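Structural characterization, general
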Amino acid sequence: MNQDSAPHDGKLTFDECWDLLTASVVGRLALIVDGHPEIFPVNFVIEHRSIVFRTAGGTKLWQSSKETPAAFEIDGYDADSEEAWSVVARATTTLVDSDTEQAAADALGLEPWEPGDKSHYVRLTVQVLTGRRFKVAAPHIWSTRLEDQRRASFE
């Protein structure tokens, strides 16, 4: 993605947000569980400009079946450009019961990473999609953790 394609304030366009979502495979799903926020890492695919993931029976499935508001977030860092980015979607959840729709998601490579039965499919219908890109401050090489991704561009 061209660095100049993002507006000067760092906000990503709608299409840039979708491009980053499409290129990603893991995100964080935020749901309200028993009155407080819970965050779940999920692998996902983008199908017809919606986010689809698989899950087992449990909290994610239970909350998603209520068709309540949810949030979804991905982020990343590009060592070559020394830029970080973040995309956040506000969405509603629905269960995907159609065999045809499940097969379409599977055809895009949606398969569980974690062992076990993940036979339930959930779709996040995105209502608001925002993102931003920003230049990351150069690390102080002597005090920055060795595993800090920013170091790679300076070593």
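The notes below deal with the structure included here. From a predicted model like this one, the values you see are computed outputs, not experimental measurements. (Residues numbered from 1 in each chain as written. Predicted model: local features only at pLDDT ≥ 70, side-chain atom pairs only at ≥ 80, totals over all residues. Heavy atoms only, no water.)

Within the open sheet, the 7 strands sit side by side as S2-S1-S5-S6-S7-S4-S3. Their pairing is antiparallel. Each having just a single partner strand, strand S2 (36-43) and strand S3 (45-46) make up the two edges of the open sheet. Bridge count between strand S6 (residues 83-96) and strand S7 (residues 120-135): 14 bridges; the pairing is antiparallel. Bridged to Ala91 within S7 is Val126. Sitting on the sheet, helix H1 (residues 14-23) touches S3, strand S4 (51-55), strand S5 (69-78), S6 and S7, and the angle it makes with S7 is about 120°. (Pairing = 2+ DSSP bridges. Helix = DSSP H or I, 4+ residues; strand = E, 2+ residues; numbered from the N terminus. Contact = heavy atoms within 4.5 Å. Axes fitted to C-alpha atoms, helices over the stretch in contact; angles between N-to-C directions.)

Let us look at the packing of aromatic side chains. For the structure shown, the criterion picks out 2 aromatic pairs. Between Phe44 and Phe72 the ring centres are 5.0 Å apart and the planes differ by 80°, which places this aromatic pair in the edge-to-face class. Placement of Phe44 in the loop between S2 and S3 and of Phe72 in strand S5 is noted, with a sequence separation of 28 residues between them. Judged by relative accessible area, which is 4%, Phe44 ranks as buried. According to the relative accessible area criterion, Phe72 is buried, its value standing at 1%. (Phe/Tyr/Trp six-rings, centres within 6.5 Å; stacked < 30°, edge-to-face > 60°. Buried < 20%, exposed > 50% of the residue type's maximum accessible area, 1.4 Å probe, protein only.)

Okay, the pattern of salt bridges next. The full count for this structure, using the stated rule, is 8 salt bridges. The shortest N-O distance in the salt bridge between Arg28 and Asp75 comes to 2.8 Å. With Arg28 in strand S1 (residues 26-33) and Asp75 in strand S5, this pair connects stretches of sequence that are 47 residues apart. On the basis of relative accessibility, which here comes to 29%, the residue Arg28 falls in the partly exposed class. (Salt bridge = Lys/Arg side-chain N within 4 Å of Asp/Glu carboxyl O.)

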